[in-house]
Amino acid sequence: MDADNGGRPGPENPPGPLQKQDQRQGRQPVDMIKTAPAPAAVAEGDIRASDADRDRVAEILREALAEGRLDPEEHAERIDTVYRAKTMGELEPVVRDLPAAGKGGARLGQEAYAHGPGAPVPDQNLVAIFSASVRKGRWQAPARINAFALFGSVEIDLTEAVFPQQQVQINVTAIFGSVEIRVPENITLRSSGSGVLGSFEVESNDAEDADAPQVVINGYAVLGSVEARPKRGAWIRDLRDRLWEGHRALRDELREERRERHHQLRQDRHEWHERLRAERHERRDRFRKGAGS
């Protein structure tokens, strides 16, 4: 009940003069707050392809070559297409007709890097005192790696490693020893070390992808050496080796076929000459018998 209306019921919020005018003219009220249009989503085929995506497709082609699904010429053409591809849409047709693509082996939409929330990987220490220490293969790279070489050698290969976090720091100390570090080509490589009567050589690299992992190398080399540079992973090296093996096997097979054909032609020619000689002898014998009778 509204006390100001003498006890008569009334609206809680009476319309103002502008709203009354809009109601008389039949206009709808205008909402003055406008929502900004949402940005258009990028199509999956237009996403930029990373080096890891190209390596996964190259692995499928390598398996297809080993199984005989592709001949060496088709394999070489597709590999060239893979490493010239810029987007995921250009990679997908390369493996569309291969069984691995249908089984999800390529995982073209998978993120190239696995860093993100999860259980932290403990720091790893590599020590080589009058010995050698090697860490390579498929492994999870921790956020911190400590390498110490005293009259020894340490090798750290990250080309096939998984990066649970975006930044990896490697602390190296080489005293009359050597530390060698290899990283993939699609990551950022930085250093802040120095050499004291030794060499501290790090080939800096900037990744095109802003979300690519970063490897920072700190430390010093005293009468020793520290070397770090990017390189292709084992997949590409193995892929090239198998490609050349396939070409070599095909060349040897063609050479063997030519040798067999040449041998067969010589044998056929020899049999033909023997047959002609036998026919001549037979005609001569018949002529002699006819002349003697």
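Further up the page is the structure itself.
Residues numbered from 1 in each chain as written. Predicted model: local features only at pLDDT ≥ 70, side-chain atom pairs only at ≥ 80, totals over all residues. Heavy atoms only, no water.

1. Notes on the nonpolar core
Heads up, the rule is: By nonpolar core is meant a set of buried Ala, Val, Leu, Ile, Met, Phe, Trp, Tyr and Cys residues that side-chain atoms within 4.5 Å join together. Partly exposed describes any residue whose relative accessible area lies between the buried limit of under 20% and the exposed limit of over 50%, with all areas from a 1.4 Å probe on protein chains only and scaled to the type maximum. Numbering of helices and strands starts at the N terminus; helices are DSSP runs of H or I of at least 4 residues and strands are runs of E of at least 2. Here, residues are in contact when the closest pair of their heavy atoms is within 4.5 Å.
Judged by nonpolar contacts, the single largest core of 28 residues is most densely connected at Ile 156, Leu 158, Ile 170, Val 215 and Ile 217. Only β1 (124–129), β3 (144–150), β4 (153–157), β5 (167–175), β6 (178–183), β9 (199–202), β10 (214–222) and β11 (225–230) provide two or more residues apiece to this core. Take this core: its biggest share by element is four residues, from β5. For Ile 217, the contacting residues outside a window of four places in its chain are Ile 170, Val 172, Ile 181, Leu 189, Arg 190, Ser 191, Ser 192, Gly 193, Phe 200, Val 202 and Ala 228. Ranked by size, the runner-up nonpolar core spans 15 residues in total, among them Ala 64, Leu 70, Leu 91 and Val 95.

2. Concerning the packing of aromatic side chains
Put simply, the rule reads: Here a Phe, Tyr or Trp ring, Trp counted by its six-membered ring, pairs with any other such ring whose centre lies within 6.5 Å, and the pair is stacked when the planes are under 30 degrees apart, edge-to-face when over 60, and tilted otherwise.
Tallied over the entire structure, the rule returns two aromatic pairs. Measuring from ring centre to ring centre gives 5.0 Å for Phe 130 and Phe 151, while their planes differ by 5 degrees; the resulting arrangement is stacked. Residue Phe 130 is found in the loop between β1 and β2 (132–135), and its partner Phe 151 is found in the loop between β3 and β4; the two are separated by 21 residues along the sequence. You can call Phe 130 exposed: its relative accessible area is 64%.

3. Some points on a nonpolar patch on the surface
Rules: Each patch is assembled from residues with relative accessible area greater than 30% and no salt bridge, linking like charges that lie within 9 Å and nonpolar side chains (Val, Leu, Ile, Met, Phe, Trp, Tyr) that lie within 5 Å. The protein chains shown are the only cover counted for residues, whose accessible areas, like all others here, come from Shrake-Rupley with a 1.4 Å probe. The rule for a salt bridge is simple: a side-chain nitrogen of Lys or Arg has to be within 4 Å of a carboxyl oxygen of Asp or Glu.
Taken together, Val 127, Ile 129, Phe 130, Phe 151, Phe 176, Val 196, Leu 197 and Leu 223 make up a surface patch of nonpolar side chains, about 820 Å² in accessible area. Tracing the sequence through the fold places Val 127 in strand β1. By relative accessible area, which is 47% here, Val 127 ends up partly exposed.

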